[in-house]
Structure formats: structure tokens, C-alpha cells
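Listed here are the chains, written in short residue letters.
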Amino acid sequence: MSEDAKLKPAPDSPEEMSRRQFFVKVGAGSIALAALGTAAFSYEYLSPNVLYEPSPVVDAGKPDHYAPDSVTLDPQTAIYVVRASDGFFALSAICTHLGCLTAYKSDLGIIACPCHGSKFNKDGVKIEGPAPRPLPWLRMWLSDEGNLMVDRSQAIAIKQLVRV
Amino acid sequence: MANTADQLVDQVRESRIWRSIFRSGKGDSNLHKSLFVQQNVFLHLFSIKARKRTVEFSATWYLGAMTLGTFMILVITGVLLMLYYHPSAPQAYADMKDLQYVVSSGVFLRNLHRWSAHAMVFLVFAHMFKVFYRGAYRAPREFNWVIGVVLLLVTLLLSYTGYLLPWDQLAYWAVTVGSNIASAVPLMGAKIRFLMLGGTAVNANALLRFYVLHCVILPLTALLFITVHFWRVRKDGGIYAGDHSSERSER
């Protein structure tokens, strides 16, 4: 017991550590720092900086191509160009449930999702189904050439029609 | 004739080359048998001795062994399928069709891979239920149950990542739906989906990531945990043979 007491550091210097304890702390600290760095580098490496994905801006062509009171799906870009009686608007065709491509049923006048049965009306408003939100309206404008342009990355909160 | 064959086997087992690989040598005493198991890197994962009851069909219905069997079929057929498959869009779909219609025995290997995958998922669940209803998950085998759950998850992830590789409509929309489910994770859902797909949509990057996961990362993970799973069976006292009272009555 008395020998143990001799080996322990004096109680009046609690911050004193042995050489071994010091190097263990330095070693463990370095490994922790290296692990953090590895995690950060891995995360950065796994996140691509450049994406070779199609542009979110879509040229939907001349307004005259769309018949009055029509809903036209472009499956490649996953947008609906809707020509209402007083103007145009663009609707995302991607179901807000789990991302399937919806389809317009002209006989029923509704937009339906084949995956889990969500239904929307022509304005994107949800009628039924598991979808949590309506189909978003996308920003649409007329280009200088008079083409309808749609930005798929920008949903608009206030519904506005593009009048031609 | 039988005598000379036995002598030949003994001669081989006594030869210097054989003894350099398998140290136990000739003879079939219990010591020889246990040395044979102990000194083999693969066999030493298993118990040296097993109760007769544990190797009977009724004890396990051989569900774990059959799961390993399907896994081995999947590794072999999978490696063979890799020889004709390019993980790039849209080439992957054409390669899958080539495997079905052009490559000799391609359709056989592809279907063998597919049905073994279905069988493995079924067998993993059946194995889990069997272990659960027999109570074989209880002490001292709790940790092996946990490893089993990890293996169940790895099996399901292998199924899921393999599902995208044919690059057909079914694959595309299944992974679209699946990656959107992942994005429902609170706070970092969108980031998880981005890392998983290597982009914002299911495209060439997603195909390549799923391919690497399916062919390298997940099989190696499975192999690692399978090894520990088998070794733990030995360490936890062999395959569960029933509770102690029945063990005593069998003796």
C-alpha cells in the first residue's frame, strides 16, 4: 500500500501525467483527427462536383403547338405543358409521393400515377392517393424567340399563367 | 482392390507434400480428426465435434447451410455475368439482352443468378424464423443473432442494388422509388439520396455506384460477416440442439 502511494503522483499536482500517458493521449488524438479527416475527405470524394445531367431549363417549343385546353406530357423532361383557356402553365410530372412519372388520362381529365395510384387534377391539385403534396407548378416564360421555356428546378408558389 | 486403394490413400497421406499441407497424416483416431479440422483455415471456423442431434435435418432444416449454398452460387454466376456486362447507360440493358439471347448459356447463368437471389432472400428469412421459434437466439448466442440481422440487411441491400443493373423500366422505377424512400430520412435525406445516386436522378452515376456496391463492397461485407457468423457458432457451443433438459435425456 505504501509502495503504491509512492508511485502515484503527489496529490498537489493533479495535472501532471506520466510520459506514457502523454504519448497515449497524443497518439489517440492523432488517430481521432486522422479519422475525422478521412470521413471529411470520403464525403467530399463521394459527392460529385460536376453532374453530367440534362439542363433543368427546357425549351417546350412554340405556344401554337399546343391545342386549346390541352395537357401535354413530355416524358423525357417530365413536365406537363397545360394550355388553359386564358394562358399556359407548366406542371411537374413527377409524383410527389416517390418520384414516379405520372400520366394524363384525357378521358377522365386527371393526372394519375401508375406506381401507387395518386391522382391529381389538371392544376396539379391532389384528388386522392398517397402523394403528400400537389404537383408543383414550374417557372415558365416566353423566350425572345417566342418559345415556351420551363425551369424544372424552380417551383413557383404563386400560380401564374403565361399569356401569349 | 479395396486394399490397394486404401494403401494408395495412406501413401498419399503420408507423403511429404501432403504432410506439408495437411499435418494430421494418416490414421483416423479422434486426435487425427480434430487435428484435421483445427489445422485447416476454413474448417477451423467450425466445431471439431458436433452433437449428433445438431446435424440431423430436423434441428435446423439445413436453412443456414442452404443460404450459404445460394450465396456461393450467386458469387460464381455473378462473376461470370460480369464478364459480359458493362455498367454504363444504356449499354447495360443491351448487355443484359445479349446475355439472354446471344451469349452461350447466358440465359441459364442469368436465371440461375436471379432465382438464387430470390431463394437466398427466402432462405435468410426462413433461417431467421427457425432460429427465432426454436429460441436459439438466447444466451450465449445473442451476438450471433445480431450478426445475423446484419447479414439479413446485407442480403436485402444486395438484392436491391442488383435490381438496378438490368437497366430496364422495372429497375429504373424501382430504384427511383427506393432512392426517394431514402430521401425521407429526416434532415439529411436529400444528401443521402445524392450520395447514393451520385447525382440528383437515377442515371449513369447511379448505375455505376450500384454496380460497385453490388459486385464488390456488399459481397465482401457479406463474406466478412458470414465468417464471423460461422466462427461464433463454434464459439457459442455449436449449433443449438434444444434446451438443457432434452439434451440431458438424449445422453
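Residues numbered from 1 in each chain as written. Chains lettered and ligands numbered in written order. Predicted model: local features only at pLDDT ≥ 70, side-chain atom pairs only at ≥ 80, totals over all residues.

Draft legend 1. Spotlight on helix H10 (residues 189–197) of chain B. All names here are of chain B. Residues Arg193, Met196 and Leu197 constitute the buried set of H10. Projected down its long axis, H10 shows its buried positions confined to an angular sector of 85°, all on one face. Positive phi appears at Gly198, one or two residues downstream of H10, with a value of about 65°. (Buried ≥ 20, exposed ≤ 12 C-beta atoms within 10 Å, placed from the backbone. Helix = DSSP H or I, 4+ residues; strand = E, 2+ residues; numbered from the N terminus. Arc of directions from axis to C-beta.)

Draft legend 2. Region of the structure containing helix H11 (residues 204–235) of chain B. Residues and elements named next belong to chain B. Between its first and last C-alpha atoms H11 spans 45 Å; for 32 residues at 1.5 Å apiece the expected length is 46 Å, and the two agree. At Leu213, H11 shows its strongest bend, of approximately 40°. Listed as buried for H11 are Ala206, Leu207, Arg209, Phe210, Tyr211, His214, Cys215, Leu218, Ala222, His229 and Val233. Directly beyond the C-terminal end of H11, a positive phi value near 90° is found at Gly237. (Expected span 1.5 Å × (residues − 1). Bend = angle between axes of the 7 residues up to and from the residue.)

Draft legend 3. Focus on the confidence of the model for chain B. Residue and element names in this part refer to chain B. Per-residue pLDDT for chain B has a mean of 91; in total, 96% of the residues score no lower than 70. When the criterion is pLDDT under 50, residues 245–251 qualifies, and its contacts beyond four places in sequence or with other chains add up to 3 contacts. What the predictor reports for the complex is a pTM of 0.85 with an ipTM of 0.77. (pLDDT = per-residue confidence, 0-100. Contact = placed C-beta atoms within 7 Å.)

Draft legend 4. Representation of unusual backbone geometry. Following B:Ala89, the chain continues into B:Pro90 via a peptide bond in cis, with omega recorded as -5°. Assignment of secondary structure puts B:Pro90 in the loop between helix H5 (63–82) and helix H6 (91–101). Going from B:Ala139 to B:Pro140, the amide bond is cis rather than trans, its omega being 5°. Here B:Pro140 shows up in the loop between helix H7 (106–134) and helix H8 (142–164). Phi at A:Ala78 takes a positive value of approximately 60°, unusual for a residue other than glycine. Despite not being glycine, B:Trp61 shows a phi value in the positive range, around 55°. Along the chain, B:Trp61 turns up in the loop between helix H4 (57–60) and H5.

Draft legend 5. Main features of the pairing of strand S3 (residues 79–84) of chain A. Residues and elements named next belong to chain A. Within S3, 5 of the 6 residues are buried, leaving the element largely enclosed by the surrounding structure. Pairing between strand S2 (residues 70–74) and S3: 5 bridges, direction antiparallel. Across the sheet, the residue bridging to Ser70 is Arg83, located in S3. Taken together, S2 and the strand that follows it, S3, pair antiparallel across an intervening segment of 4 residues, in which Ala78 is found at a positive phi of about 60°. Judged from the 6 bridges that link them, S3 and strand S4 (residues 87–92) form a sheet pairing that is antiparallel. (Pairing = 2+ DSSP bridges.)

Draft legend 6. Representation of the packing of H5(B) against H7(B) in the model. Residue and element names in this part refer to chain B. Taken N-terminus to C-terminus, the directions of H5 and H7 make an angle of 155°; their axes are 8 Å apart at the nearest point. Here H5 is positioned roughly antiparallel relative to H7, judged by the angle of their axes. Classified by chirality, the crossing of H7 by H5 is left-handed. Its residues assigned to classes, the contact of H5 with H7 shows 15 nonpolar, 8 polar and 2 charged. (Axes fitted to C-alpha atoms, helices over the stretch in contact; angles between N-to-C directions. Parallel < 35°, antiparallel > 145°, perpendicular 65-115°, else oblique. Left-handed = near helix turned anticlockwise from the far one by under 90°. Nonpolar A, V, L, I, M, F, W, Y, C, P; charged D, E, K, R; others polar.)

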